[in-house]
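Fold and geometry: a report
The chain contents come next:
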Amino acid sequence: MKTVGTRMMISPPKYVQGAGAMNDLGEHAARLGTNAVVLADKGVWGFVDTAVTASLSGAGVKLTKEVFGGLCTQKEIDRVAAAARAAGADVIIGIGGGTAIDTAKAVGHALGDIAVVSAPTVASTDAPTSALAVIYTESGAFERYSFFQRNPNLVLVDTALVAGAPSRFIVSGMGDALATWYEARVCVAANRVAMAGGLATEASLALARLCWETLMEYGPQARLAAEAHVVTPALEKVTEANTLLSGLGFESCGLAAAHGIHNGLTVSHKVHGMMHGEKVNIGTLAQLVLEGAPTDELDTYLRFSRAVGLPTTLAEIGLGDPDREELLAIGRAATAEGETTHNMPFPVTPEMVADALIAGDSYARAYAKR
Ligand SMILES: [Zn+2]
């Protein structure tokens, strides 16, 4: 980019959300192509197969089913890309969680000009709308971000599926979405260039802020709706916050230490059973500590996290009684070159990350006893 100080915002051209929306997948996909490869893991195929097959064939879209291997790795991207090429697909549809969708986006990119549809069945991350994928190593550690020319052509969220999933998914999505505003405001204050390629616009910053406000207002209600497996206006609003508001907010405002520390946490095998947003939530607390956030703000974060059931202590993500070397290893990964931790308005060292993790943990444990 030759121009300095350019503001930029990117987004998918179409976002569809509603109970039963998966039944309209074919109708929407038919506007993008005639030959679709659909990628979903075995468990997801178990409950979407009937609706997806009926919907696509009803709309005259040829369908090739692929079973997702479970991790968005380069090897898996290459495998699915070869299958899509062999099928002569002009649309790739990723259905399921963030990693299946990231793989579908990467396949779309590898094949050049085919359309990409992202159809999350859970509201567990803000991956579905973005023009990037998180690539993992075969052992499940964060490897790199991969950036694409464009966002998915269509994002379709069936909230009946979101409500039908275990509530841990939407709660984890709230952890991912909660970080968005805290990271956005840091990037704006420090004049950082976001993933979208420019400085934040007022629009993307407003979406990040609205994401936070929506969670504060409706998060606890949405958790209860998800536990009862019912679709309510609160569940719809939080699904949108987790998916659309957080997705546009982070991509066009920027990530910071919360996600950098999340990526650092992935080097510890102890946390591999945890979901993305649960680890991000620990990163958010550490970021707030790094920033020297006022007590009120820490308390707001803790009150919300506890009300929706997000982890706030290291023990809650499997890192109880960590030794300092363990935390320093996380700190080194969190401050590796190119990490979004460096979007903080001051230099961050591995020692500072370790200290912030310890301080955040102590504060959260003290808060829990109040
Ligand atoms: Zn995230």
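Criteria and cut-off values
- Throughout this description, residue numbers start from 1 for each chain and increase along the sequence as written.
- Where local features are concerned, this predicted model is filtered to residues with pLDDT of at least 70; where side-chain atom pairs are given and counted, the filter is 80 or more; whole-chain, interface and lining totals use all residues.
- As a convention, hydrogens and water are excluded, and side-chain values are obtained from all of the structure's heavy atoms.
- Two cysteine sulfur atoms form a disulfide, by the criterion used here, when they sit within 2.5 Å.
- Exposure categories follow from relative accessible area, calculated using a 1.4 Å probe and restricted to protein chains: below 20% of the type maximum is buried, above 50% is exposed, and the middle band is partly exposed.
- Axis angles are defined between N-to-C directions and span 0 to 180 degrees, where every axis is a line fitted to C-alpha atoms and, for a helix, only to the segment in contact.
- Numbered from the N terminus, helices here are DSSP runs of H or I no shorter than four residues, and strands are runs of E no shorter than two.
- Oblique is the label for any angle not under 35 degrees, not over 145, and not in the 65 to 115 range, which are roughly parallel, roughly antiparallel and roughly perpendicular in turn.
- Residue contacts follow a heavy-atom distance rule, with two residues in contact if any of their heavy atoms lie within 4.5 Å.
- Three residue categories are used. Nonpolar comprises Ala, Val, Leu, Ile, Met, Phe, Trp, Tyr, Cys and Pro, charged comprises Asp, Glu, Lys and Arg, and polar comprises the others, including Gly.
- As a rule, N, O and S atoms within 2.8 Å of a metal are its donors, except that Na, K and Ca use 3.2 Å; water is not among the atoms, so sites may look incomplete.
- Domain start and end points were adopted from an automatic or database domain assignment.
- By buried area we mean the combined loss of accessible area, with a 1.4 Å probe, across both parts when two parts are placed together.
- Throughout this description, the term salt bridge denotes a Lys or Arg side-chain nitrogen within 4 Å of a carboxyl oxygen of Asp or Glu.
- Here a polar contact is taken to be a pair of N or O atoms separated by no more than 3.5 Å, where protein atoms must pair a possible hydrogen donor with a possible acceptor and residues adjacent in sequence count only if both atoms sit in side chains.

Concerning the state of the cysteines
Here the structure, examined in full by the defined rule, presents zero disulfides. Cys-211 carries a free sulfur, and the closest cysteine sulfur to it, the one in Cys-253, is 10 Å from it. For Cys-211, a relative accessible area of 0% translates into the label buried. Looking at Cys-253, it has no disulfide partner, and the nearest cysteine sulfur is the one in Cys-187, 7.8 Å off. Look at Cys-253 and you get buried, because its relative accessible area is 1%.

Notes on the packing of helix H10 (residues 276–291) against helix H13 (residues 350–369)
Two numbers describe how H10 lies on H13: the axes approach to 8 Å, and their chain directions differ by 105°. Viewed along their axes, H10 and H13 adopt a mutual orientation that is roughly perpendicular. Within the contact between the two elements, H10 uses Ile-282, Leu-285, Ala-286, Val-289 and Leu-290 and H13 uses Met-352, Ala-356, Leu-357, Ala-359, Gly-360, Asp-361 and Ala-364. Broken down by class, the residue content of the contact of H10 with H13 amounts to ten nonpolar, one polar and one charged.

Regarding the coordination of the zinc ion
Bound to the zinc ion on the protein side are Asp-176 (OD), His-259 (NE2) and His-276 (NE2), at distances that span 2.1 Å. Of note, the zinc ion draws all its donor residues from one chain, in the sequence arrangement D-x82-H-x16-H. One end of the pair, Asp-176, is in helix H6 (residues 167–189); the other, His-276, is in helix H10, and 100 residues separate them in sequence. When its relative accessible area of 0% is taken as the criterion, Asp-176 is described as buried.

Concerning the domain arrangement of the protein chain
Segmenting the protein chain into domains produces domain 1 (15–163) and domain 2 (167–369). Look at where the C-alpha atoms of domain 1 and domain 2 centre, and you get two points 25 Å apart. The partner domain 2 presents 33 residues to the 27 residues of domain 1 that form the contact. Overall, the association of domain 1 and domain 2 removes approximately 2300 Å² of surface from exposure, summing both partners, and the carbon and sulfur fraction of that is 60%. On inspection of domain 1 and its partner domain 2, the count reaches zero salt bridges. In this assembly, domain 1 and domain 2 are joined by eleven residue pairs in polar contact (both at pLDDT 80 or more). The set of elements that each furnish at least two residues to the side of domain 1 that touches domain 2 consists of strand E1 (15–18), strand E6 (132–136), strand E7 (142–147) and helix H5 (159–164). At four residues, the largest contribution of residues to the side of domain 1 that touches domain 2 is made by H5. Taken together, the residues that form the side of domain 1 that touches domain 2 break down as 16 nonpolar, ten polar and one charged.

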